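Spelled out, the chains give:
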Amino acid sequence: MMSPFLIFLSAFLVNNIVLMRFLGLCPYFGVSRRTDTALGMSMGVLFVMLLASWITFFIYHYLLVPLDLIFLRTAAFILVIASLVQLIELFLKKNVPTLYQALGIYLPLITTNCAILGITFLIIDYDYTLLQATVFSIGTAMGFGLALLLMAGMREQIDLAPVPDALKGSPIAFITASLTSLAFLGFAGLLGLSI
């Protein structure tokens, strides 16, 4: 059994959801133009990922498995995630309208963020306890936020740099993302954890 610290470290750095598993790339590229927007998206993903992992954990173990309805796992999990995103959207629209406007279309896309759905499946596949699932979700969400904030910071600096016209926009963003991913590959041997 892995300790909570190793689960967190693995989810945060070694198996970073964006840079090593390549999940959640749509908001990674779409919302990483400014650090304030990236931070807002990171908080939204943390909230949804943590609550989704708890709720889906109980739905799976105490409803789907006992009733032999495991085949409904994907539909049930997507329903939970969509409901949580609606709650965040309503909250931001009412209480933080500037962040709501800045996130734009990417806020509802948390619903289809494969990183969140992927985590709910990985928790079941790894047979984590509720504590391990919580630590894994927090580590993954923080790793997502780290990747998003790193990319946003680099893109803000790149906007000030003399980039050739042919590389401006998406090309330089993809190059930056690939180099960041390569840098994170260096964590693969950390504490004997593997990809």
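Before reading further, recall that the structure is shown in the block above.
Owing to the predicted nature of the structure, the values given are computational and were not obtained by experimental measurement.

S.K.: What is the right way to read the overall build of the protein from this model?
M.R.: The helix and strand tally for the protein stands at eight helices and zero strands. Along the protein, from the amino end to the carboxyl end, the secondary structure elements read α-α-α-α-α-α-α-α. The C-alpha atoms of the protein give 17 Å as radius of gyration, which agrees with the globular expectation for 195 residues (16 Å, within 12%). Its C-alpha atoms give the protein principal-axis dimensions of about 60 × 45 × 25 Å. Scored against the burial criterion, the 195 residues of the protein give a buried share of 46%. Sequence separation of 24 or more characterises 75% of the internal contacts of the protein that already satisfy a separation of 6 or more.

S.K.: When you look at the packing of helix α6 (residues 114-125) against helix α7 (residues 130-160) in this model, what are you seeing that I'm missing?
M.R.: Two quantities define a packed helix pair, namely the angle between the axes and the distance from one axis to the other. At a minimum axis separation of 10 Å, α6 and α7 run at an interaxial angle of 150 degrees. The hand of the α6/α7 crossing is right-handed. When α6 is examined against α7, the residues I119, L122 and I123 are found in contact with a partner set consisting of A133, F136, S137 and T140. For the contact of α6 with α7, a count of residues per class yields five nonpolar, two polar and no charged.

S.K.: Is there a simple way to think about the environment of P27 in this case?
M.R.: For P27, the position within the fold is in helix α2 (residues 25-30). Along the backbone, P27 and I105 are 78 residues apart, and their C-alpha atoms lie at a distance of 9.7 Å. Among all residues touching P27, those that are not within four sequence positions of it are S32, M41, Y106, N113, F144 and L148.

S.K.: Looking at this structure, how should I read the state of the cysteines?
M.R.: One covalent bond between the sulfur atoms of two cysteine residues makes up a disulfide. Taken as a whole and assessed by the stated rule, the structure comprises zero disulfides. Between C26, a free cysteine, and C114, which holds the nearest cysteine sulfur, the sulfur-to-sulfur gap is 8.8 Å.

S.K.: So what exactly am I meant to see when it comes to the packing of aromatic side chains here?
M.R.: For any pair of aromatic rings, geometry is given as the distance between the ring centres together with the angle between the planes. The full count for this structure, using the stated rule, is 10 aromatic pairs. Here F58 and Y62 contribute two aromatic rings whose centre-to-centre distance is 5.7 Å and whose plane-to-plane angle is 25 degrees, an arrangement assigned as stacked. Separated by four residues within a single helix, F58 and Y62 lie in helix α3 (residues 35-64), roughly one turn from each other. A residue is classified by how much of its surface remains accessible, and Y62, at 59% relative accessible area, is exposed. Between F184 and F187, the ring centres sit 5.3 Å apart and the planes meet at 75 degrees, which makes this aromatic pair edge-to-face. Taking the relative accessible area as the measure of exposure, F187 reaches 29% and is therefore partly exposed. Within the aromatic cluster, the residues linked to one another by ring pairs are Y28, F29 and F174.

S.K.: Sorry if this is basic, but what is going on with the nonpolar core here?
M.R.: A general feature of soluble globular proteins is that nonpolar side chains tend to end up buried together. Residues Y28, M41, V48, F77, I110, I116 and F136 are the most contacted members of the largest nonpolar core, which totals 54 residues. At the level of elements, α1 (4-14), α2, α3, α4 (73-95), α5 (97-103), α6, α7 and α8 (170-185) are the ones that each hand at least two residues to this core.

S.K.: So what exactly am I meant to see when it comes to the pattern of salt bridges here?
M.R.: Pairs can form between side chains of opposite charge whenever their charged atoms are close. Using the criterion set out here, one finds three salt bridges in the structure. Linking R34 and D36 is a salt bridge whose minimum nitrogen-to-oxygen distance equals 2.5 Å. Take R34: its relative accessible area is 44%, and that puts it in the partly exposed class. Residue classification places D36 among the partly exposed positions, given a relative accessible area of 43%. With a shortest N-O distance of 3.8 Å, R73 and D125 are connected by a salt bridge. Of this pair, R73 sits in helix α4 while D125 is found in helix α6, placing the two residues 52 residues apart along the sequence. With a relative accessible area of 53%, D125 lands in the exposed category.

S.K.: Please clarify how the environment of V135 should be interpreted in this entry.
M.R.: Within the secondary structure, V135 is located in helix α7. Each C-alpha atom, one on V135 and one on P108, is 25 Å from the other, the two residues being 27 residues apart in sequence. If near-sequence neighbours (up to four positions away) are discounted, V135 is found in contact with P4, I7 and F8.

Reading the values: rules and limits
Residues numbered from 1 in each chain as written. Predicted model: local features only at pLDDT ≥ 70, side-chain atom pairs only at ≥ 80, totals over all residues. Heavy atoms only, no water. Helix = DSSP H or I, 4+ residues; strand = E, 2+ residues; numbered from the N terminus. Rg over C-alpha atoms; globule rule 2.2 N^0.38 Å. Buried < 20%, exposed > 50% of the residue type's maximum accessible area, 1.4 Å probe, protein only. Contact = heavy atoms within 4.5 Å. Axes fitted to C-alpha atoms, helices over the stretch in contact; angles between N-to-C directions. Left-handed = near helix turned anticlockwise from the far one by under 90°. Nonpolar A, V, L, I, M, F, W, Y, C, P; charged D, E, K, R; others polar. Disulfide = S-S within 2.5 Å. Phe/Tyr/Trp six-rings, centres within 6.5 Å; stacked < 30°, edge-to-face > 60°. Core = buried A, V, L, I, M, F, W, Y, C linked by side-chain atoms within 4.5 Å. Salt bridge = Lys/Arg side-chain N within 4 Å of Asp/Glu carboxyl O.

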